[in-house]
Amino acid sequence: MRTCLALVLLIATLTILQSCEGRKVTTSYGKMRVINASYLSGGVNIDVDYKKVYATDIEYLNYSYFAPYVATRHTLRIKDINGNTLGDTAVTIGQDKHYTVVVFDSSNAIRYRIYTENFITPTGSNYKMRF
């Protein structure tokens, strides 16, 4: 009886392992960048999931390149050149989506906005140009 139970468990385990074979898990990514349009901040940097992203601060009227992130919800902290937190929020990065964090001045205060980028190419054309 005992060997029969062990044999059934062994066959069930092998069946489960065999059914998972050949299926690969793929990680989906989205991308995000930062644009600094704030004169008051001096420079900005972001922390994603409480880790500093860029080695140097993004200076006034500069931007970062799109950096890939795993498509899920991330905590986002925007900091100025002195390390003061300008914004503490969360952003949900979608698969194959692009996001832009814009830091700007408004009424002598530093503000930020998160935009979803929309890269649309007209039909019949492969040309992509943005301003």
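Residues numbered from 1 in each chain as written. Predicted model: local features only at pLDDT ≥ 70, side-chain atom pairs only at ≥ 80, totals over all residues. Heavy atoms only, no water.

(A) Layout of a nonpolar patch on the surface. A contiguous nonpolar surface patch, about 390 Å² in accessible area, is contributed by Leu7, Leu10, Ile11 and Leu14. Residue placement: Leu7 occurs in helix 1 (residues 2-20). Accessibility expressed as a relative area gives 48% for Leu7, which makes it partly exposed. (Patch = residues over 30% accessible without salt bridge, like charges linked within 9 Å, V, L, I, M, F, W, Y side chains within 5 Å. Areas by Shrake-Rupley, 256 points an atom, 1.4 Å probe, with all protein chains shown as cover. Salt bridge = Lys/Arg side-chain N within 4 Å of Asp/Glu carboxyl O. Helix = DSSP H or I, 4+ residues; strand = E, 2+ residues; numbered from the N terminus. Buried < 20%, exposed > 50% of the residue type's maximum accessible area, 1.4 Å probe, protein only.)

(B) Structural context of the pattern of salt bridges. For the structure on display, the rule yields three salt bridges. Salt-bridge contacts for Arg33 lead to Glu117; the nearest nitrogen and oxygen are separated by 3.5 Å. Of this pair, Arg33 sits in strand 1 (residues 29-37) while Glu117 sits in the segment after strand 10 (109-116); the two residues are 84 residues apart in sequence, bridging distant segments of the chain. The burial state of Arg33 is the same as that of Glu117; both residues are buried. When the shortest N-O distance is used, the salt bridge between Asp88 and Arg77 registers 3.5 Å. Taken together, the positions of Asp88 in strand 8 (residues 85-92) and Arg77 in strand 7 (residues 73-80) put the pair eleven residues apart, joining distant regions of the chain. Judged by relative accessible area, Arg77 falls into the partly exposed class, the value being 27%.

As far as function goes, none of this settles anything; it's purely spatial.
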